[in-house]
Amino acid sequence: MTDGKTQLTGLIGWPVEHSFSPAMHNSAFDALGLNWYYVPLPVRPGQVAAAVKGLVALGFRGANVTVPHKQAVMPHLDEITDTARAIGAVNTIVVERGRLIGHNTDGSGFIAALRDEGFEPSGKHALVLGAGGAARAITYSLAKTECAVTIHNRTADRAKELAQHLESSGMGALVAWVQPASRLSDLDLGQFDLLVNATSVGMWPHTDVSPWPGTLSVPSGWTVYDLVFNPAETLLLAQARATGAAAISGLGMLVRQGSIAFEMWTSKPPPVDLMRSACEQALSGHQKNLTKAG
Ligand code: ATR
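Residues numbered from 1 in each chain as written. Predicted model: local features only at pLDDT ≥ 70, side-chain atom pairs only at ≥ 80, totals over all residues. Heavy atoms only, no water.

**Examining the sheet that holds strand S10 (residues 194-197)**
At step 1: The six strands lie next to each other as S9-S8-S7-S10-S11-S12, forming an open sheet whose pairing is parallel. Because the sheet does not close on itself, it has two edges, and the strands there are strand S9 (175-177) and strand S12 (246-249). Strand after strand, the sheet turns through a mean of 20° between neighbouring axes, direction not considered. (Pairing = 2+ DSSP bridges. Helix = DSSP H or I, 4+ residues; strand = E, 2+ residues; numbered from the N terminus. Axes fitted to C-alpha atoms, helices over the stretch in contact; angles between N-to-C directions.)

**Details of the site of the ligand**
At step 1: The local shell around the ligand consists of Gly130, Ala131, Gly132, Gly133, Ala134, Asn153, Arg154, Thr155, Arg158, Thr199, Ser200 and Val201.
At step 2: Between an oxygen atom of the ligand and a main-chain N or O atom of alanine 131, the distance comes to 3.0 Å.
At step 3: Taking alanine 134, its main chain carries an N or O atom lying 3.0 Å from an oxygen atom of the ligand.
At step 4: When grouped by side-chain class, the residues that make up the shell around the ligand number three nonpolar, seven polar and two charged. (Near = heavy atom within 4 Å. Polar contact = N/O pair within 3.5 Å; in protein donor to acceptor, adjacent residues only side chain to side chain. Nonpolar A, V, L, I, M, F, W, Y, C, P; charged D, E, K, R; others polar.)

**Things to note about the nonpolar core**
At step 1: Phe110, Val128, Leu142, Ile151 and Tyr225 are the most contacted members of the largest nonpolar core, which totals 33 residues.
At step 2: Those elements giving two or more residues to this core turn out to be helix H3 (82-87), helix H4 (106-116), strand S7 (125-129), helix H5 (133-144), strand S8 (148-152), helix H6 (156-171) and S10.
At step 3: Counting residues per element, this core draws most heavily on H5, which supplies six residues.
At step 4: If sequence neighbours within four positions are ignored, tyrosine 225 has contacts with Phe110, Ala113, Leu114, Leu194, Leu195, Val196, Asn197, Ile248, Ser249, Gly250, Gly252 and Met253.
At step 5: Tyr38, Val255, Met275 and Leu283 belong to the second largest nonpolar core, which has 20 residues in total. (Core = buried A, V, L, I, M, F, W, Y, C linked by side-chain atoms within 4.5 Å. Buried < 20%, exposed > 50% of the residue type's maximum accessible area, 1.4 Å probe, protein only. Contact = heavy atoms within 4.5 Å.)

**Focus on the sheet that holds strand S1 (residues 7-13)**
At step 1: With respect to topology, six strands assemble into an open sheet ordered S2-S1-S3-S5-S6-S4, the strand pairing being mixed. What marks the edges here is a single partner per strand, and that holds for strand S2 (36-42) and strand S4 (79-80).
At step 2: Pairing analysis gives seven bridges linking S1 to S2, with the strands arranged parallel. Bridged to glycine 13 within S2 is proline 42.

**Quick look at the packing of H4 against H5**
At step 1: One way to put it is that H4 packs onto H5 with a least axis distance of 8 Å and a crossing angle of 60°. Here H4 and H5 pass one another in a crossing that is right-handed. Every residue of H5 that contacts H4 at Asp106, Gly107, Ser108, Phe110, Ile111 and Leu114 is listed here: Ala137, Ile138, Ser141 and Leu142.
At step 2: Its residues assigned to classes, the contact of H4 with H5 shows six nonpolar, three polar and one charged. (Left-handed = near helix turned anticlockwise from the far one by under 90°.)

**Quick word on the packing of aromatic side chains**
At step 1: The final tally for this structure, using the stated rule, is seven aromatic pairs.
At step 2: Taken together, a centroid distance of 5.6 Å and an interplanar angle of 55° make the contact between phenylalanine 20 and phenylalanine 229 tilted. A residue pair is termed long-range when its members are at least 10 positions apart, and phenylalanine 20 in the loop between S1 and helix H1 (21-31) and phenylalanine 229 in the loop between strand S11 (223-226) and helix H7 (235-242) qualify at 209 residues.
At step 3: By relative accessible area, phenylalanine 229 is classed as partly exposed at 24%. (Phe/Tyr/Trp six-rings, centres within 6.5 Å; stacked < 30°, edge-to-face > 60°.)

**Examining the environment of serine 141**
At step 1: Here serine 141 lies in helix H5.
At step 2: Distance from serine 141 to proline 213, taken between C-alpha atoms, is 26 Å for residues 72 residues apart in sequence.
At step 3: Residue contacts for serine 141: discarding those within four places in its chain leaves Gly107, Ser108 and Ile111.

**With respect to the pattern of salt bridges**
At step 1: Under the counting rule described, the total for this entry stands at seven salt bridges.
At step 2: Measuring nitrogen to oxygen at the nearest pair gives 2.8 Å for the salt bridge that ties aspartate 106 to lysine 70. Placement of the pair is aspartate 106 in helix H4 and lysine 70 in the loop between strand S3 (62-65) and S4, with a sequence separation of 36 residues.
At step 3: Residue aspartate 106 is classed as buried on the basis of its relative accessible area of 9%.
At step 4: Shared partners join several salt bridges into a network, and the residues in it are Asp116, Arg256 and Arg276. (Salt bridge = Lys/Arg side-chain N within 4 Å of Asp/Glu carboxyl O.)

Printed below as a string of structure tokens:
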């Protein structure tokens, strides 16, 4: 139920109809008895400035921002945190006394999700696949915890650019990128503890592909984190489990980036387990719908 006192938050993106965030946040508001509501806000490219200004005009308390607007919102905000600026993307806006503050909770959400699974990145070495927006947040946050990072990307120039960007943030000693000709099988895999898939490979509906070569065993001592959360069990995670490596789905990061945003908006401790259940339900609902459709 909403009424004249309902506090509004939402998700700015294009498209937004498949997002699990409304289910996650609205069940958390309900559980805490908060008269708040989270609404999907489909914003066409070209309408970002008007939409962001509209948050203040409409009395929103904040919003999440997703693809493809995480960079585009930045010039329209009053303030951007150092972390969001270093990552180069905003995924959470907080409205404070009519001012728009841009944060990034993707990286901190990822680190929290890793720690939830008992993996402490500090002092470890991660191999990160991908050099897009997701990889920027992941690599920055890993390096911030003093985890060494090696970046491998299909387009090597983007890996190089990302490594150079991190270097300019003072993290050069921790970051390396893989030379254009290198294949994963050429790397000394023994140096790594953590593999992160920050590419979109394996994501529904293209679930029969993996960013890891089928011909190469995943070392059994590794922890493998797949940012893809739909499907819950990707081919990459199956490859990891097959050799006894620890395999973690991206749902935890979705939940943690959301729970950090929730706390920023409401100043209440987020009901993390409940938010996780809401996402799991939304995911299984999605899979049932697919089964029906198929
Ligand atoms: P996001 O913001 O979700 O990270 P993105 O910026 O478009 O999205 O980045 C997608 C990442 O997945 C990139 O690293 C991309 O590699 P390229 O830089 O070479 O494009 C990677 N990616 C997407 N499809 C891929 C594929 N089929 N094989 C390997 N990498 C792929």
